[in-house]
Amino acid sequence: MKVAIRDDDACFFTAPAELERVYHDVWDRLPVCLAAVPYAIGYERVGIPREHWRSGVAFPLAQNRDLVAALHEWRAARRVTIALHGFTHEDFPSGYEFQAAPDPERRVREGLQHLTETLDTRVTIFVPPHNALSKRGLAAVSRAGLNLLGSFLSFRPSMRPWDARTPLNWWRVRRVRARTGRSKGDRFVYPYVLRYGRHAEFGCHSLVPGTTADELVTRFEEARRLGGDFCIATHYWEIDATLRDVLRRVLDHCARCADVRFVAAEELFA
Ligand SMILES: [Zn+2]
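An account of the accompanying structure is given in this report. Everything numeric in this text was worked out from a predicted model, so none of it was measured.

Some points on helix 2 (residues 65–76)
Reasoning step 1: In this model, helix 2 (12 residues) spans 17 Å end to end at C-alpha, consistent with the 16 Å of a helix rising 1.5 Å per residue.
Reasoning step 2: Looking only at helix 2, the buried set comprises Leu67, Val68, Ala70, Leu71 and Trp74. Looking down the long axis of helix 2, one finds its buried residues gathered within 165° of arc, a one-sided arrangement. Away from its buried face by more than 90 degrees, helix 2 exposes Arg65, Asp66, Glu73 and Ala76.
Reasoning step 3: The secondary structure elements touched by the buried residues of helix 2 are helix 1 (16–23), strand 2 (32–36), strand 5 (80–84) and helix 4 (104–119).
Reasoning step 4: Once helix 2 ends, the next one or two residues include Arg78, with phi positive near 60°.

Details of unusual backbone geometry
Reasoning step 1: With a phi close to 65°, His89 is a non-glycine residue in the positive phi region.
Reasoning step 2: With respect to the helices and strands, the residue His89 is situated in the loop between strand 5 and helix 3 (97–100).
Reasoning step 3: The phi torsion at His130 lies on the positive side, around 60°, for a residue other than glycine.
Reasoning step 4: Following the sequence through the fold, His130 ends up in the loop between strand 6 (125–126) and helix 5 (135–143).

Things to note about the environment of Thr88
Reasoning step 1: Tracing the backbone through its elements, the reader meets Thr88 in the loop between strand 5 and helix 3.
Reasoning step 2: Assessed through its relative accessible area of 4%, Thr88 is described here as buried.
Reasoning step 3: Along the primary structure Thr88 and Glu51 are separated by 37 residues, whereas in three dimensions their C-alpha atoms are 17 Å apart.
Reasoning step 4: When residues no more than four places from it in sequence are discounted, the contact partners of Thr88 are Val37, Tyr39, Ala40, Ile41, Glu97 and Arg107.
Reasoning step 5: Polar side-chain contacts of Thr88 include one of 2.5 Å to the side chain of Glu90.

A word on the coordination of the zinc ion
Reasoning step 1: Every protein donor of the zinc ion is accounted for by Asp9 (OD), His85 (NE2) and His89 (NE2), and the metal-donor separations fall at 2.1 Å.
Reasoning step 2: Sequence spacing of the donors to the zinc ion: D-x75-H-x3-H. Remark: His89 occurs in the loop between strand 5 and helix 3 and Asp9 occurs in strand 1 (residues 2–10); sequence separation between them is 80 residues.

What to know about a nonpolar patch on the surface
Reasoning step 1: Together, Leu168, Trp170 and Trp171 give the surface a local cluster of nonpolar side chains, amounting to about 310 Å² of exposed area.
Reasoning step 2: By secondary structure assignment, the location of Leu168 is in helix 6 (residues 166–179).

Some remarks on the pattern of salt bridges
Reasoning step 1: For the structure on display, the rule yields 20 salt bridges.
Reasoning step 2: For Arg6, the salt bridge goes to Asp8, with nearest N and O atoms at 2.7 Å.
Reasoning step 3: The partner of Asp252 in a salt bridge is Arg29, with the nearest N and O atoms 2.9 Å apart. Taken as a pair, Asp252 in helix 8 (residues 241–255) and Arg29 in the loop between helix 1 and strand 2 lie far apart in primary sequence, 223 residues in all.
Reasoning step 4: Since its relative accessible area comes to 23%, Asp252 is described here as partly exposed.

What counts as what
Residues numbered from 1 in each chain as written. Predicted model: local features only at pLDDT ≥ 70, side-chain atom pairs only at ≥ 80, totals over all residues. Heavy atoms only, no water. Helix = DSSP H or I, 4+ residues; strand = E, 2+ residues; numbered from the N terminus. Expected span 1.5 Å × (residues − 1). Buried < 20%, exposed > 50% of the residue type's maximum accessible area, 1.4 Å probe, protein only. Arc of directions from axis to C-beta. Contact = heavy atoms within 4.5 Å. Polar contact = N/O pair within 3.5 Å; in protein donor to acceptor, adjacent residues only side chain to side chain. Donors = N, O, S within 2.8 Å, 3.2 Å for Na, K, Ca; no water. Patch = residues over 30% accessible without salt bridge, like charges linked within 9 Å, V, L, I, M, F, W, Y side chains within 5 Å. Areas by Shrake-Rupley, 256 points an atom, 1.4 Å probe, with all protein chains shown as cover. Salt bridge = Lys/Arg side-chain N within 4 Å of Asp/Glu carboxyl O.

The following block contains the structure:
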C-alpha cells in the first residue's frame, strides 16, 4: 500500500520557514508533494499581506528568491516534489480559477513552464485550486499530460470531456461505492488510480481544521482493506499544533503497518 502527502498553496507569499515549521520532521519520513502556484494573486488568508488581498497583482514564484533556493535544496534532498496548483489561484465572479478562467489552456502551459524553469524539475501532477475543474479545465490539464490529484473530483460523466474510458471508470467508482455501503450523496474518496486516455486521477483525504486522527485512520484502514492507496491533502498555512499532532499520529499509524510504503505523490500514478 502506498501512502503519500500533498500540501497546497506554496507561492510567492510563502516563507521557507512556514514550510519548515510544519514539515521539518515529516519530510524525512516521506517526501511532501508541494502543489505550487506559479503566479499567485493575493486573497484574504493567513500569510498573505493585507495590501495584496485585493490588489489583483500576480507575483511570479521566481521572485521569492529565498523560497526558490529552499525548494532547490529540499528537492535535492528528496524532501519535496513539485506539482502545479493553478496559475494565479484567483477566484472569478462565476467560479474558481479552473472553472471560470477564459484561458485554462494558456494557464496550464505557462504555469508549467514557470515551475519547470524556475525549479529545474519535471512536473507531472496538477492540483486544481479549490479542487474545482470545469469540463474545459479538465481537458486542458489532460491535454498537457498532467495527472490529477484532487480531493473531490466529480465522476459525473456529463461533467467530463469525452474519453473512451469514462463509462468504465464511472462504473468502477459506482461499484466500490455500493460495496462500501454508501449512497449517492455520501462522501467517498475512491482509493485507486483512475486511468484515462491521456492522464490519470487520484483522490486525497483532506486534513483541515476539525479533522481528527481517528477520522483519517478510519479512512486509511478502509482504503487498506480495499487494497487501495492513500494520500493526505493539506495546507501548511492552516496547520497549527493540533493539526501537526493529528498528522504525526496518522503517519505513525501508517508506519506501523508492514504493508505500507511511504512514497512521493508522483509514485501513486506509477
Ligand atoms: Zn489552493
